[in-house]
Amino acid sequence: MEFKRITGDRRLYWQLLLLGDEQPELVSRYLSKGELYALYDPGLVAVAVVCDQGSGICELKNLAVDPAFQKQGYGHRFLEFLTDLYAASFHTMLVGTGGTPRILRFYERCGFSYSHKIPHFFFDNYDHPIVEDGILLEDMFYLKKDLTQKSS
Ligand SMILES: CC(C)(COP(=O)(O)OP(=O)(O)OC[C@H]1O[C@@H](n2cnc3c(N)ncnc32)[C@H](O)[C@@H]1OP(=O)(O)O)[C@@H](O)C(=O)NCCC(=O)NCCS
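What this report covers is the structure whose coordinates are included nearby.

The rules behind each value
Residues numbered from 1 in each chain as written. Predicted model: local features only at pLDDT ≥ 70, side-chain atom pairs only at ≥ 80, totals over all residues. Heavy atoms only, no water. Pairing = 2+ DSSP bridges. Helix = DSSP H or I, 4+ residues; strand = E, 2+ residues; numbered from the N terminus. Axes fitted to C-alpha atoms, helices over the stretch in contact; angles between N-to-C directions. Contact = heavy atoms within 4.5 Å. Near = heavy atom within 4 Å. Polar contact = N/O pair within 3.5 Å; in protein donor to acceptor, adjacent residues only side chain to side chain. Areas by Shrake-Rupley, 256 points an atom, 1.4 Å probe, with all protein chains shown as cover. Buried < 20%, exposed > 50% of the residue type's maximum accessible area, 1.4 Å probe, protein only. Phe/Tyr/Trp six-rings, centres within 6.5 Å; stacked < 30°, edge-to-face > 60°. Lys NZ or Arg CZ within 6 Å of the ring centre and 35° of its normal. Arc of directions from axis to C-beta.

1. Details of the sheet that holds strand 1 (residues 2-6)
Reading across from one edge, 1-2-3-4-5-9-6 is the order of the seven strands in this open sheet, with mixed pairing throughout. The sheet is open, and its two borders are formed by strand 1 and strand 6 (113-118), each paired with just one other strand. Neighbouring strand axes in the sheet, compared pairwise and without regard to direction, differ in orientation by 30 degrees on average. Strand direction decides the pairing type here: strand 6 and strand 9 (residues 140-146), joined by five bridges, are antiparallel. Looking at strand 9, one finds that Y114 is bridged to L143. Across the sheet, helix 3 (residues 74-86) is in contact with strand 1, strand 2 (35-40), strand 3 (44-54), strand 4 (57-65), strand 5 (92-97) and strand 9; its angle to strand 2 comes to roughly 135 degrees. Set on the sheet, helix 4 (residues 101-109) makes contact with strand 4, strand 5 and strand 9; between it and strand 5 the angle comes to about 170 degrees.

Next comes the structure, spelled out in C-alpha cells:
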C-alpha cells in the first residue's frame, strides 16, 4: 500500500473525487487550494483532499474509496495516514458529511466526534438532490478530531 501526494494531472482522479462529492464545481474549488492524495495497492484504490482552513485547523474535503475496494479497511488506513501527516502542522481536522448513520459511524470509529452542523447546506449548494443510503441529505454535519492526541 502506498500513499502519494498528487501535484500533476488531476484528471485521473476525477471519477473517484465525484464519488466522494457529486458537485463538480465544489470539487474544483477545493481542489484548487487543497492537497490531493491517492492510495495505491498497487492500482488506484482511493483519493482524498485536505484544505488548510487557518488557525491550525485543516478540513478533509473529500474521501472516496473505489466501490470494489470498500469495507476492506482502506478508508480507515487512509484517514490514519492523513491524521498522522497533518498532526505535524495542525491541531484539529474537520470533516463535513451528510450525516447518514453509516458514514457517521465510520468517522466515529476513526476518532472523530460531532462538532456542529450547517442547516440546509445540501439544498443551498448542490444543483440536484443528494441521496445517500436512501436518505435525502439536507444539513452538513461537521465532525472533528483532535490531532494533538495520538490515536490508538
Ligand atoms: C466512506 C468510505 C470512504 C469508507 O471507506 P472504506 O474503505 O469502505 O472504509 P473501511 O473499510 O475502513 O471501513 C468501512 C467499514 O468496513 C468494515 N471493514 C473494514 N475491513 C473489513 C473487512 N476486512 N471485512 C469486513 N468489514 C470490514 C469496517 O469495520 C467499517 O465498518 P464501520 O464503518 O461500521 O466501522 C467509502 O464507503 C466511500 O468511499 N464511500 C463513497 C464516498 C463517500 O461517501 N465518502 C465520504 C464522504 S463524507
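2. Things to note about the side chain of T83
With respect to the helices and strands, T83 occurs in helix 3. Ignoring sequence-local partners within four residues, the contact set of T83 consists of M93, F112, K145 and L147.

3. Focus on the site of the ligand
In the region of the ligand, 21 residues are neighbours, and V65, K71, G73, R105 and R109 sit closest. One of the side-chain nitrogen or oxygen atoms of Q70 is found 3.4 Å away from an oxygen atom of the ligand. Between the ligand and R102 there is a distance of 3.4 Å, counted from an oxygen atom to a side-chain nitrogen or oxygen. In isolation the ligand exposes 930 Å². Once the protein is present, 73% of that is buried. Listed by contribution, the elements that provide at least two residues to the shell around the ligand are helix 1 (14-20), strand 4, helix 3, strand 5 and helix 4. The leading source of residues in the shell around the ligand is helix 4, at six residues.

4. Considering the environment of D139
With respect to the helices and strands, D139 occurs in the loop between strand 8 (135-136) and strand 9. D139 gets classed as buried once you look at its relative accessible area, which sits at 13%. When residues no more than four places from it in sequence are discounted, the contact partners of D139 are T97, G98, K117, I118, P119, H120, F121 and F122. A distance of 3.3 Å separates a polar atom in the side chain of D139 from a polar atom in the side chain of K117. In terms of polar contacts, D139 uses its side chain to reach the backbone amide nitrogen of H120, at 2.8 Å.

5. A word on the side chain of N62
In this fold, N62 is placed in strand 4. A distance of 3.1 Å separates the side chain of N62 from the side chain of Y30, its partner in a polar contact.

6. Let's talk about the packing of aromatic side chains
Evaluated as defined, the whole model comprises twelve aromatic pairs. Ring centres 5.8 Å apart and planes at 80 degrees place the aromatic pair F121 and F122 in the edge-to-face group. Assigned by exposure class, F121 and F122 land together as buried. In this arrangement the basic side chain of K4 is found over the ring face of Y40, its NZ or CZ atom lying 4.5 Å from the centre.

7. Topic: helix 2 (residues 24-33)
For helix 2, every residue scored as buried is listed here: L26, V27, Y30 and L31. The buried residues of helix 2 occupy an angular sector of 125 degrees when the element is viewed end-on, so they sit on one face. Structural note: helix 2 exposes R29, S32 and K33 on the side pointing more than 90 degrees away from its buried face. Next to the buried residues of helix 2 lie helix 1, strand 2, strand 3, strand 4 and helix 5 (121-125).

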